[in-house]
Amino acid sequence: MTPTDASTEAGTEPAADGADCADTLDLRLPDELVALLADGDRRAAEAADDLLDGVGGWGPATTDAGVFQLVPVRLERDLPLISRWMNDPAVAAFWELAGPEGVAETHLRLQLDGDGRSVPCLGVLEGTPMSYWEIYRADLDPLARHYPSRPHDTGIHLLIGGVANRGHGLGTSLLRAVADLVLDHRPACARVVAEPDLRNTPSVSAFLSAGFRFSAEVDLPDKRAALMVRDRALRAVL
């Protein structure tokens, strides 16, 4: 599972959603999110079948922008919002998932109905869903054929949903927080990796600012990517 770009990932500081703040304002869903975030035991049980040590039970992280949490996607609740984000031209240029909701639904179902090697999540900041994430086992992904992978390498894809949240360093802050969550909750994982499109300079820059290092240029089937790596051994110094 490699979306056409893991770049709108980080760098979606500039490339992410065309729904503006209106997207998150009218889809705030405070009651549902409060209930979901409070129900930690159930979410952890639901996540137990994934191959990523239970992403749904990782809990919140404190960032400069506020409390942030990864909430595994539920199609019935989240598909309209995610599809709207995917139809932003800036996002579509890299993810290539624009179109009717069925396009995004197919992409999400491949993960949700799979073996747990990739977990699609909403990024919820201060109670508001504002980003889309994919946390995946890079060592079990087709990406592993294109670089010297190690067991339990964990990959990140990210897009920031609203225009108002882009271009202010928020992607950098969230990338660092999520990489730390991976390393804190996946003791077997020595590296967090990503493969943004080389053309997405802001994305590459966001990864670098978040403590990732540029490892190599990688030719993937759908793009030429920058392989970004955050090493557990260097997390205290980068």
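Residues numbered from 1 in each chain as written. Predicted model: local features only at pLDDT ≥ 70, side-chain atom pairs only at ≥ 80, totals over all residues. Heavy atoms only, no water.

**Re the pattern of salt bridges**
The tally for this structure, following the rule as stated, stands at 15 salt bridges. For the salt bridge of Glu 105 with Arg 109, the shortest nitrogen-to-oxygen distance reads 2.9 Å. Placement of the pair is Glu 105 and Arg 109 together in helix H7 (residues 101–112), with a separation of 4 residues, close to one helical turn. Looking at Glu 105, the relative accessible area reads 25%, which means it is partly exposed. The residue Arg 235 makes a salt bridge to Asp 180 at a minimum N-O spacing of 3.1 Å. Residue Arg 235 is found in the segment after strand E8 (223–231), and its partner Asp 180 is found in helix H8 (residues 170–185); the two are separated by 55 residues along the sequence. Each of Asp 180, Asp 184, Arg 230 and Arg 235 takes part in one network of salt bridges that share partners. (Salt bridge = Lys/Arg side-chain N within 4 Å of Asp/Glu carboxyl O. Helix = DSSP H or I, 4+ residues; strand = E, 2+ residues; numbered from the N terminus. Buried < 20%, exposed > 50% of the residue type's maximum accessible area, 1.4 Å probe, protein only.)

**Some details on the environment of Lys 223**
Summarising the element assignment, Lys 223 is placed in strand E8. Here Lys 223 falls in the buried class, since its relative accessible area comes to 7%. Distance in space between the C-alpha atoms of Lys 223 and Leu 198 is 8.2 Å, their sequence separation being 25 residues. Within polar-contact distance, the side chain of Lys 223 engages the backbone oxygen of Glu 195 at 2.7 Å. (Polar contact = N/O pair within 3.5 Å; in protein donor to acceptor, adjacent residues only side chain to side chain.)

**Structural notes on helix H5 (residues 75–86)**
Most of H5 sits inside the fold, with 9 of its 12 residues counted as buried. Of all the residues in H5, the buried ones are Leu 75, Arg 77, Asp 78, Leu 79, Leu 81, Ile 82, Ser 83, Trp 85 and Met 86.

**Re the packing of aromatic side chains**
The tally for this structure, following the rule as stated, stands at 3 aromatic pairs. Arranged with centres 5.0 Å apart and planes meeting at 80 degrees, the rings of Phe 207 and Phe 212 form a pair that is edge-to-face. The pair formed by Phe 207 and Phe 212 is uniform in burial state, with each residue classed as buried. (Phe/Tyr/Trp six-rings, centres within 6.5 Å; stacked < 30°, edge-to-face > 60°.)

**Some points on the pairing of strand E6 (residues 191–194)**
Of the two faces of E6, the one carrying Arg 191 and Val 193 and the one carrying Val 192 and Ala 194 are both buried. One ladder, built from 2 bridges, connects strand E5 (residues 154–160) with E6; its direction is parallel. Considered in E6, the bridge of Gly 155 is made with Val 193. With respect to chirality, the unit in which E5 leads through H8 into the neighbouring parallel E6 is right-handed. (Pairing = 2+ DSSP bridges. Right-handed = clockwise from strand over helix to strand, strands pointing away.)

**Some words on the nonpolar core**
Ranked by size, the top nonpolar core spans 34 residues in total, and within it Leu 70, Trp 133 and Ile 135 carry the most contacts. Mapped onto this core, the elements with two or more residues apiece are strand E2 (66–72), strand E3 (118–125), strand E4 (128–137), E5, H8, E6, helix H9 (201–209) and E8. Residue contacts for Leu 70: discarding those within four places in its chain leaves Val 55, Trp 58, Cys 121, Leu 122, Trp 133, Ile 135 and Val 178. Core analysis: the next-biggest nonpolar cluster, separate from the first, contains 18 residues, Leu 79, Leu 97, Leu 122 and Tyr 132 among them. (Core = buried A, V, L, I, M, F, W, Y, C linked by side-chain atoms within 4.5 Å. Contact = heavy atoms within 4.5 Å.)

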